[in-house]
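# Fold and contact review
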Amino acid sequence: AFVDGQFTVADDEPFDIIFARDFEAQHIELLEVSDELLKELLDSDGVIEFKGEGDDIACVCTATKTYQVKRVETSNQTLLVGPELGGDGGEGDEVSDGGEDEDADGEDAEARQRRKVAVVRAQTSSHLDLTEIAPKLDRLRDMLASVAYGGEGAEAAMDAEDASATGFTFEALDARVQASSGEIMRCLEDEHALYIDGVWRGVDGAYRLHVLGMLAVTVGGNGWPTSAIPEDELVNAMASDGFAPEVTKNTLSMFSTLVDGDASTWALDEERVCRYLAMNVLRDGVGVKNWRLMDMMDKWRAALNDINLHDVEVKEEYLAGLALIERPERATEAFVTTLIASEIPTEPQARFKALWAVKPRWSMAELEPYLKGQARPGETIESQLLKYTRVTQGSTPMYSKR
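Below, the structure is looked at part by part.

The rules behind these values
- Residues numbered from 1 in each chain as written.
- Predicted model: local features only at pLDDT ≥ 70, side-chain atom pairs only at ≥ 80, totals over all residues.
- Heavy atoms only, no water.
- Salt bridge = Lys/Arg side-chain N within 4 Å of Asp/Glu carboxyl O.
- Helix = DSSP H or I, 4+ residues; strand = E, 2+ residues; numbered from the N terminus.
- Buried < 20%, exposed > 50% of the residue type's maximum accessible area, 1.4 Å probe, protein only.
- Axes fitted to C-alpha atoms, helices over the stretch in contact; angles between N-to-C directions.
- Parallel < 35°, antiparallel > 145°, perpendicular 65-115°, else oblique.
- Left-handed = near helix turned anticlockwise from the far one by under 90°.
- Contact = heavy atoms within 4.5 Å.
- Phe/Tyr/Trp six-rings, centres within 6.5 Å; stacked < 30°, edge-to-face > 60°.
- Lys NZ or Arg CZ within 6 Å of the ring centre and 35° of its normal.

Scanning the entire structure with this criterion turns up 17 salt bridges. For arginine 139, the salt bridge identified is with glutamate 53, shortest N-O distance 3.9 Å. Taken together, the residues arginine 139 in helix α3 (residues 138–146) and glutamate 53 in the loop between β5 (49–51) and β6 (59–61) connect sequence positions 86 residues apart. Judged by its relative accessible area of 24%, arginine 139 is partly exposed. On the basis of relative accessibility, which here comes to 32%, the residue glutamate 53 falls in the partly exposed class.

Dropping the structure here:
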């Protein structure tokens, strides 16, 4: 037994239990953690954070991971013994167990005094259990979208009340989003959130497209190859046209990659550009029945031409995870249905439900783009397929609702 934080007793060794004077006033929670989590907590000065608001299920976040909290009830009361809560404290707060010289078993006061003492500080009938989960980032995306940046003109048109809420500090995001600080920062990077004037914001879709178009025009107008775009020169050129440097850099990093060995020269990533423009075209076609792939790709090419990217080639493979392409038997052409992976639920059961709503049977080639990146703690892609689908064997195995 662990007693008073200092010593243990043998299995058959008697010891006295007494209650601290403030025993009934103490309310504490026990948190069960794994050795791995304990090490992480100790390495980060023992700091953990409980997060949740409204009807949220509470989460505990460390610096890098997110855990769902579940209360586990026990059938018996657990007495907690140890040093005084909140400090080292002496032993002056224990309640005396009486003043008789000899107890009912014939044990004298001297023998009792030699026995070890367990001081009960509090009691509980439950503890909190932690299960690692995927970070809950939908609120983060909603917060960014609520303060989307739309350019200097849109900012100037905002009234004083709106101007007081034009972005979120990282601390404000961290306080509300049920994810670790590391997971929040990765999401900000993946979403290409804009950091400007000390706050984080999303970028309005129409304005992002406008910036991309002006970026392409500026690159072409200055004779820079799309495989070697000089960052500083581009930022200065676009600043003269009224674009904030933060916006130019943000858009450049979204649609380009750094040239190897050069921290200030970028190469336009044609696939990223094509997929972004394809999403805009596909959103316009939501709900269109029997939309021919050929017609969709014509609109896609026109969108590239509109922003002066005539030499960029559209490819069917770029539509993976953006649209479902079907080629019916005996049909001479393919048809496309808008289905953007980032816009359907991320929770596995809801995600599969959304897929079944589009069509009841899928090949693995069709499913793969919508399963990419969906593995989560304790739930691999393979386990999700076993849980939510059944397979019909054939020349091409088909997956349907379980």
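What follows covers the packing of helix α9 (residues 231–239) against helix α10 (residues 245–255). The relative placement of two packed helices is expressed as an angle between their axes plus a distance between the axes. One can describe the packing of α9 onto α10 by two numbers: an axis separation of 9 Å at closest approach and a directional angle of 130 degrees. Comparing their axes, α10 and α9 come out oblique. Relative to α10, α9 is oriented so that their crossing is right-handed. Contacts from Glu231, Leu234, Val235 and Met238 of α9 reach α10 at Pro245, Thr248, Lys249 and Leu252.

A separate point is the packing of aromatic side chains. According to the stated counting rule, one finds seven aromatic pairs in the structure shown. Ring centres of phenylalanine 352 and tyrosine 388 lie 5.5 Å apart, and the angle between their planes is 25 degrees; on these two criteria the pair is classed as stacked. Placement of the pair is phenylalanine 352 in helix α13 (residues 348–358) and tyrosine 388 in helix α15 (residues 381–388), with a sequence separation of 36 residues. A relative accessible area of 12% places tyrosine 388 in the buried class. Here the aromatic cluster, defined as three or more aromatic residues joined through ring pairs, consists of Tyr149, Tyr207 and Phe243. The side chain of lysine 359 reaches across the aromatic face of tryptophan 362, ending 5.5 Å from its centre.

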